[in-house]
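# Working through the structure, step by step
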Amino acid sequence: MKALVLIDLQNDFCPGGNLAIHEGDQVIPIANRLQQKFDLVIATKDWHPQDHLSFASNHADRKIGDVVMLSGLEQILWPDHCVQGTHGAEFHPELQTERIKIIFYKGTDKFIDSYSALYDNAHLRSTGLGEYLQAQQVNEIYMMGLATDYCVKYSALDAKKAGFDVCVMMDGCRGVELQKGDVERAIEEMRAAGVKIVTT
Ligand code: VGL
Ligand code: ZN
């Protein structure tokens, strides 16, 4: 069984959003077209409380892009984004949502970030996505979304490690590219781990 997993297609990651990714909105038509080809469509949402400690605004004397220690892990500080219940956390308005069977939420614990759709960054707590896919007899995961060099990358690596066949559809992804080359390095890292890098 195949599943389509749509990663974080939320307003804040699209142009005009608080953590806008270049051309982030351009993947929305691709997501809409792809959904017709899958019997099981799943989506994730980055879903932070306002006091989340990945936000620079919640640290004194820190700015966006600084790195701090959070629950024993290096944490990049981001602008406030995808705050629970806000417009920025909603799906992009053009995303078709009728066929999305279930949404998995991540980044809800203020003390730890969660780039992966399966686990928090310390691998302490599951979001339930891996278990859900197993229960649905899914063996092949087709993934796309935002951002290539963060949530897509860590989700693909975790899914592969959990034993799934994972294809990432690159034309359906866009990256933050904090450093030039981050997207290319993310692709290489996924490929080296056995993730299939494809286009739709
Ligand atoms: C993401 C940075 C912070 C992502 C989420 O969805 O890739 N990136 N939170
Ligand atoms: Zn986030």
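Our subject in this report is the structure included herewith. (Residues numbered from 1 in each chain as written. Chains lettered and ligands numbered in written order. Predicted model: local features only at pLDDT ≥ 70, side-chain atom pairs only at ≥ 80, totals over all residues. Heavy atoms only, no water.)

### Some details on the overall build of the protein
Selection rule: Here a helix means four or more residues in a row that DSSP labels H or I, a strand means two or more in a row labelled E, and each is numbered from the N terminus. Atoms counted for the radius of gyration: C-alpha only. Globule rule: 2.2 Å times residue count to the power 0.38. Here a residue-residue contact requires only that any non-hydrogen atoms of the pair lie within 4.5 Å. Only four residue types enter the charge count: Lys and Arg as positive, Asp and Glu as negative, with His and the chain ends excluded. For the purpose of locating charges, the reference atoms are NZ of Lys, CZ of Arg, CG of Asp and CD of Glu.
Helix and strand counts for the protein stand at 4 helices and 8 strands. In the protein, the succession of α and β elements from N to C terminus is β-α-β-β-β-β-α-β-α-β-α-β. Since a compact globule built from 200 residues should have a radius of gyration of about 16 Å, the 16 Å found for the protein is in line with a globular shape. If you take every contact in the protein between residues at least 6 apart in sequence, the share linking residues at least 24 apart comes to 73%. Seen as two clouds, the 19 positive and the 28 negative side-chain charges of the protein have centres 5 Å apart.

### Digging into the packing of helix 3 (residues 148-161) against helix 4 (residues 182-192)
Test applied: Where helices are involved, their axes are fitted lines through C-alpha atoms of the stretch in contact, as for all axes, and angles between N-to-C directions lie from 0 to 180°. Angles below 35 degrees are treated as roughly parallel, those above 145 as roughly antiparallel, those between 65 and 115 as roughly perpendicular, and all remaining angles as oblique. Amino acids are sorted into nonpolar (Ala, Val, Leu, Ile, Met, Phe, Trp, Tyr, Cys and Pro), charged (Asp, Glu, Lys and Arg) and polar (every other residue, Gly among them).
Interaxial distance between helix 3 and helix 4 falls to 10 Å at its minimum, and their mutual angle equals 5°. Relative to helix 4, the element helix 3 is oriented roughly parallel. Between helix 3 and helix 4, the residues in contact are Thr148, Asp149, Val152, Lys153, Ala156 and Leu157 and Asp182, Val183, Ala186, Glu189 and Met190, respectively. Among the residues making up the contact of helix 3 with helix 4, the classes are represented as 6 nonpolar, 1 polar and 4 charged.

### Regarding the site of ligand 1
Under the convention used in this document: If even one non-hydrogen atom of a residue comes within 4 Å of a molecule or strand, that residue is called near it. Counted as a polar contact is a pair of N or O atoms within 3.5 Å, where, for protein atoms, one must be capable of donating a hydrogen and the other of accepting one, and residues adjacent in sequence contribute only when both atoms are in side chains. Residue-level accessible areas treat just the shown protein chains as cover; the underlying method is Shrake-Rupley with a 1.4 Å probe.
Around ligand 1, the surrounding shell consists of Asp8, Phe13, Asp46, Trp78, His81, Tyr115, Leu146, Ala147, Tyr150 and Cys151. With respect to ligand 1, the backbone of Leu146 contributes an N or O atom lying 3.4 Å from an oxygen atom. For ligand 1, the protein covers 100% of the area, taking 260 Å² as the surface of the free molecule. Looking at the shell around ligand 1 residue by residue, the classes come out as 7 nonpolar, 1 polar and 2 charged.

### Points about the pairing of strand 4 (residues 73-76)
Test applied: Strand pairing follows a simple DSSP-based rule, namely that at least 2 bridges must link the two strands.
In this sheet, strand 4 lies alongside strand 3 (residues 67-70) in antiparallel orientation, the contact comprising 4 bridges. Note that in strand 4 the partner of Val68 across the bridge is Gln75. Adjacent in sequence and paired antiparallel, strand 3 and strand 4 are bridged by 2 residues, among which Ser71 carries a positive phi angle near 45°.

### Here we look at the coordination of the zinc ion (ligand 2)
Heads up, the rule is: Keep in mind that water is not among the atoms, so a site may look incomplete; donors are the N, O and S atoms within 2.8 Å of the metal, or 3.2 Å for Na, K and Ca. Tetrahedral means four donors with every angle between 85 and 135 degrees, whereas square planar (four donors) and octahedral (six donors) require angles over 155 degrees between opposite donors and between 65 and 115 for all others; sites fitting neither are termed irregular. Exposure classes here rest on a 1.4 Å probe applied to the protein chains alone. A residue is buried below 20% of its type maximum, exposed above 50%, and partly exposed in between.
Within the protein, the zinc ion (ligand 2) binds to Asp46 (OD), His48 (NE2) and His81 (NE2); these donor distances fall in the range 2.0 to 2.2 Å. Geometry at the zinc ion (ligand 2) is irregular, judged from the 4 donor atoms that bind it and their angles of 88 to 170° at the metal. Positions of the donor residues of the zinc ion (ligand 2), expressed as sequence spacing, correspond to D-x1-H-x32-H. Taken as a pair, Asp46 in strand 2 (residues 41-46) and His81 in the loop between strand 4 and strand 5 (100-106) lie far apart in primary sequence, 35 residues in all. For the pair shown, Asp46 and His81 are each scored as buried.

### Structural notes on the pattern of salt bridges
For the record, the criterion: The working definition used for a salt bridge is a side-chain nitrogen of Lys or Arg within 4 Å of a carboxyl oxygen of Asp or Glu.
All chains considered together, the criterion is met by 11 salt bridges. Among the ionic pairs, Arg191 bridges to Glu188, the shortest N-O distance being 2.8 Å. Linking Arg191 with Glu188, this pair stays in helix 4, spanning 3 residues, or about one helical turn. Owing to a relative accessible area of 42%, Arg191 belongs among the partly exposed residues under this scheme.

### Notes on the sheet that holds strand 6 (residues 140-146)
One open sheet accounts for 6 strands, arranged 5-2-1-6-7-8; its pairing is parallel. Two strands bound the open sheet, and with one partner strand each, they are strand 5 and strand 8 (196-198). Across the sheet, the mean angle from the axis of one strand to that of its neighbour is 25°, orientation sign disregarded. Judged from the 6 bridges that link them, strand 2 and strand 5 form a sheet pairing that is parallel. Bridge pairing links Val41 to Ile100 in strand 5.

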